[in-house]
Amino acid sequence: MTDSGNPAGDEDLALLDELICERTGISFPEQRRYLLHARLQSRMSELRLATLRDYYLALRFGDPAEFDYLVSKIRNGETYFQRESGQVAAVFEEGLARIKAKLGPIPELRVLSMGCASGEEPYSIAMYASSCRQELGQSKLQIDACDIDSGALARARQGIYGKASLRSVSQACVARHFEPAGGERFSVRAPYREGVRFYRGNLHELQKFVPGKRYHVIFCRNVLIYFSPGARRDALRSLGERLEDGGLLLLGMTESAGHHRVGLRRVKIGDCLAYERAD
Ligand SMILES: C[S@@+](CC[C@H](N)C(=O)[O-])C[C@H]1O[C@@H](n2cnc3c(N)ncnc32)[C@H](O)[C@@H]1O
C-alpha cells in the first residue's frame, strides 16, 4: 500500500517509519505499515498535504508539536486496571523481601511505571500496595508514572474512568478504591493518588529525564512490543541502568528481554519472570 501505489510512496513511508523510530523507538514492521499509512493519510488530509514526502519534511523540520500530535495518533494506548495483576502481587509479596534483603530498610520505595498510558497501571499498583502494609513496613511508596503522550497523561491526572478501564475489577474493589463520578464513571479515591506523580517522558531518551534517579521496581509492560529490535535493546539497557542494586524490572507477561545482551539477568519472583542488573 503506498501513497500512489508507486515505489516512491513506499520509500517515503519507510522514511516516516524511520523518523518515528529514531525519535520514539516505535516502529511499524512492513506487515503493519498499512496502519501507519492510514493514520498518516487522515492527518495529511486535515493538513491539506499532498504527499508523504511533504508530511515527512514537515515532521522532520517543522513544529515539534506536529510530531507529538502524530505520536498520539499512532501509539497503542490499550490498558485497564489490574492488568497482569499477578506481577504486581509477586513484586509486593516476594520481590520486596528480596530487595530489602539486599539493601536493608528502604525509607522510600521508588517505583517507575514506564508507558503508564492513562494511569490505570500506576493507580493499580498504588491500590495493591495499600493492602501490603506489612510487606512495606516503614517504606513510603513513591510511584513515578511516565508516558510519551500528553493527552493520556491528562486523563491519568484526572483519574476518572469508565467501564472499559474497570472491566477486570470486582464491584467490591470499585467501591473500595473509587468514588462515583456521574454516569458510569468512577474517580480514583484520594489515598491512591497520593504518591503517584505523572511525567511526560520518552523512554527512547530516558537519560534526559529525572536525571540520575534510580528505582527499586520498574514496570515497563506492553510498551517495548511496539519498538524496533534495536530500540528495544537500547531501552532495556537504559532501564537496567535505572535500577537500584537488586531492583526489579517487569515486562509484560508475553514479553521477554530474552537473548538481547543488555546487562540484565532473569529472576523468578513467585510465578513471574522479572529482570535485575547482571553486574
Ligand atoms: C499499550 S500501552 C501499555 C500501558 C500499560 N503499561 C499497560 O501495560 O497496561 C503502551 C504505552 O506506551 C507508551 N509509549 C510508547 N512509546 C513510548 C516512549 N518512547 N516513551 C514513553 N512511552 C511510550 C504509549 O504512549 C502507551 O501509552
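Just so we're clear, the structure is a prediction, and the values are computed from it rather than from any experiment. (Residues numbered from 1 in each chain as written. Predicted model: local features only at pLDDT ≥ 70, side-chain atom pairs only at ≥ 80, totals over all residues.)

Describing the site of the ligand
Near the ligand, the surroundings consist of 24 residues, among which Thr-79, Gly-115, Ala-117, Ile-148 and Leu-203 are the closest. Here the shell around the ligand is built from residues that sort into six nonpolar, eleven polar and seven charged. Each of domain 1 (7–74) and domain 2 (85–277) accounts for three or more of the residues forming the shell around the ligand. (Near = placed C-beta within 6 Å. Nonpolar A, V, L, I, M, F, W, Y, C, P; charged D, E, K, R; others polar. Domains from an automatic or database assignment.)

Re the packing of helix 5 (residues 85–103) against helix 6 (residues 120–129)
Any two packed helices are characterised by the angle at which their axes cross and by the distance between the axes. It is at 10 Å that the axes of helix 5 and helix 6 come closest, and there the two elements cross at 45°. In terms of their interaxial angle, helix 5 and helix 6 are classed as oblique. Relative to helix 6, helix 5 is oriented so that their crossing is right-handed. Contacts between helix 5 and helix 6 involve Ser-85, Val-88, Ala-89 and Phe-92 from the first element and Ser-124, Ile-125, Tyr-128 and Ala-129 from the second. (Axes fitted to C-alpha atoms, helices over the stretch in contact; angles between N-to-C directions. Helix = DSSP H or I, 4+ residues; strand = E, 2+ residues; numbered from the N terminus. Parallel < 35°, antiparallel > 145°, perpendicular 65-115°, else oblique. Left-handed = near helix turned anticlockwise from the far one by under 90°. Contact = placed C-beta atoms within 7 Å.)

So, the environment of Arg-200
Along the polypeptide, Arg-200 turns up in strand 6 (residues 196–200). Sequence spacing of Arg-200 and Tyr-275 is 75 residues, and the spatial spacing of their C-alpha atoms is 25 Å. Discounting chain neighbours no more than four positions away, the residues touching Arg-200 are Asp-147, Ser-150 and Leu-153.

Notes on the domain arrangement of the protein
Split by domain assignment, the protein resolves into domain 1 (7–74) and domain 2 (85–277). Once you take the C-alpha centre of each, domain 1 and domain 2 turn out to be 30 Å apart. Mapped by element, the contributors of at least two residues to the side of domain 1 that touches domain 2 are helix 1 (7–24) and helix 4 (64–74). For the side of domain 1 that touches domain 2, the residue count by class is three nonpolar, four polar and two charged.

Section: the sheet that holds strand 5 (residues 186–188)
Here we have three strands laid out as an open sheet, ordered 3-5-4, and antiparallel in their pairing. With partners counted over all chains shown, the strands left at the sheet margins are strand 3 (160–161) and strand 4 (178–180), one partner each. Relative to strand 5, strand 4 is paired through three bridges, and the arrangement is antiparallel. Counted as the bridge partner of Pro-180 is Phe-186 from strand 5. (Pairing = 2+ DSSP bridges.)

Some words on unusual backbone geometry
We note that Gln-82 has phi near 60°; this positive angle belongs to a residue other than glycine. Mapping Gln-82 onto the fold places it in the loop between helix 4 and helix 5. Not every positive phi belongs to a glycine, and Glu-84 is a case in point at roughly 50°. With respect to the element layout, Glu-84 can be found in the loop between helix 4 and helix 5.

Overview of helix 2 (residues 33–47)
Here helix 2 is 15 residues long and its end C-alpha atoms lie 21 Å apart, about the 21 Å a rise of 1.5 Å per residue gives. Listed as buried for helix 2 are Leu-36, His-37 and Leu-40. With its buried residues spanning 95° around the axis, helix 2 presents them on a single face. Turned more than 90 degrees away from the buried face of helix 2, the exposed residues are Ala-38, Ser-42, Ser-45 and Glu-46. (Expected span 1.5 Å × (residues − 1). Buried ≥ 20, exposed ≤ 12 C-beta atoms within 10 Å, placed from the backbone. Arc of directions from axis to C-beta.)

Topic: the nonpolar core
Grouped together as the largest cluster of nonpolar side chains are 68 residues, with contacts concentrated most on Val-91, Ala-126, Ile-218, Cys-220 and Leu-249. Examining the composition of this core, we find that six residues originate from one element, helix 5, more than from any other. Residue contributions to this core reach at least three from each of two domains, namely domain 1 (7–74) and domain 2 (85–277). (Core = buried A, V, L, I, M, F, W, Y, C linked by C-beta atoms within 7 Å.)

Comments concerning the confidence of the model for the protein
Low-pLDDT portions of the prediction should not be read for the details of their coordinates. Per-residue confidence for the protein gives a mean pLDDT of 93; residues scoring 70 or more make up 96%. In the predicted structure, residues 1–6 sits below a pLDDT of 50 and forms ten contacts with residues beyond four places in sequence or in another chain. (pLDDT = per-residue confidence, 0-100.)

So, the pairing of strand 8 (residues 243–251)
Extensive coverage of strand 8 is indicated by the burial of seven of its nine residues. As judged from the five bridges shared by strand 7 (residues 215–220) and strand 8, these two strands associate in the parallel manner. Across the sheet, Phe-219 pairs through a bridge with Leu-250, a residue of strand 8. In this fold, the crossover linking strand 7 to strand 8 by way of helix 11 (residues 229–241) has right-handed handedness. (Right-handed = clockwise from strand over helix to strand, strands pointing away.)

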